[in-house]
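# Fold and geometry: a report
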Amino acid sequence: MNKKRASIMAAAALAAGLAALAQTNPPLPPLPPVKTADPNLPPDAKLVPLAVKLPKPLFEGTPKNIKPAPTLEKYDERPRPPFMVPEGCVVLSLNKKVTSSDPEPIIGELRQVTDGDKEGSDGSYVELAPGKQWVQVDLGAPAAIYAVIVWHYHAQGRVYHDVVVQVADDADFIENVRTLYNNDFDNSSGLGIGKDLEYIDDSRGRLIDGKGEKARYVRCYSRGNTSNDMNHYIEVEVHGKPAQ
Ligand SMILES: [Ca+2]
């Protein structure tokens, strides 16, 4: 094969490759709205999209350092779909009292978990000891909870393990404990087998449906992550309506 013919064939192969790429990767449509699964919503309830202020993203594209797994949700770069909740939801957690299984964090202070700063940079996250740890927000009074949004860490793609989010009537989590989210698929944290998927944390945080559960306390568990054994929290934001 002469040089000219080889270069024509290479160009044709490249064009065919690009065409195939364009065909297999059409722009994805926006994700449709998701409604809260509150079982007590009246059928005529007026729902509005939950307003969430997001921090600056610190990475783009699907993180390459995380291997796909059947227990891991496929990463989707598209904006989070509108989350539809009853009118009148507000942020209930701002500057509310935070306690933890690790009362003296390695980095940062517990109050940062509810200070409204969700940025991914150093200085905005709290680092807790390795292993199973939790942070807990006291809303100060019972409220109907419609969303718990958790930002663990988003300077780099990471999966936090055994993410369990619970609400309860009492600070010790003995009375009327309800689980909103649990992705501990092998019960390594001992809170029961979770059916939710693991996920890659990013600047959007993880929005967990509160389903209108009435509670005063919100507790978020984790047990290390794909980069190290530590536990990190940037912000836990609870949205809902103060109980009537
Ligand atoms: Ca914060």
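In what follows, the structure referred to is the one given above.
Below you will find a few notes about this structure. None of the values given here were measured: they were computed from a predicted structure.

The next point concerns the pairing of strand E8 (residues 164-168). Successive residues of a regular strand alternate their side chains across the two faces of the sheet. Of all five residues in E8, four are buried, a share of seventy percent or more. Strand direction decides the pairing type here: E8 and strand E9 (residues 178-182), joined by four bridges, are antiparallel. Counted as the bridge partner of Gln166 is Thr179 from E9. Both E8 and strand E10 (residues 206-223) contribute to a ladder of five bridges, which runs antiparallel. Paired with Val167 across the two strands is Val218, which belongs to E10.

When you line up the elements, Pro79 lands in the loop between strand E2 (47-49) and strand E3 (83-86). Overall, Pro79 belongs to the exposed group, with 10 C-beta atoms counted inside 10 Å. C-alpha separation for the pair Pro79 and Val148, spaced 69 residues apart in sequence, amounts to 18 Å.

A word on the nonpolar core. Formed by 42 residues in total, the largest nonpolar core has its most connected members in Val135, Ile145, Val148, Val218, Cys220, Val236 and Val238. Those elements that provide at least two residues to this core are E3, strand E6 (126-128), strand E7 (132-151), E8, E9, E10 and strand E12 (235-242). The element that contributes the greatest number of residues to this core is E7, accounting for 13 residues. Among residues more than four places away in sequence, those in contact with Val135 are Val98, Ser100, Leu110, Val113, Cys220, Tyr233 and Val236.

Looking now at unusual backbone geometry. Not every positive phi belongs to a glycine, and Phe173 is a case in point at roughly 55 degrees. One can find Phe173 in the loop between E8 and E9. Phi is positive for Lys211, which is not a glycine, with a value near 55 degrees. As for its placement among the helices and strands, Lys211 is situated in strand E10.

Conventions we followed
- Residues numbered from 1 in each chain as written.
- Predicted model: local features only at pLDDT ≥ 70, side-chain atom pairs only at ≥ 80, totals over all residues.
- Buried ≥ 20, exposed ≤ 12 C-beta atoms within 10 Å, placed from the backbone.
- Helix = DSSP H or I, 4+ residues; strand = E, 2+ residues; numbered from the N terminus.
- Pairing = 2+ DSSP bridges.
- Core = buried A, V, L, I, M, F, W, Y, C linked by C-beta atoms within 7 Å.
- Contact = placed C-beta atoms within 7 Å.

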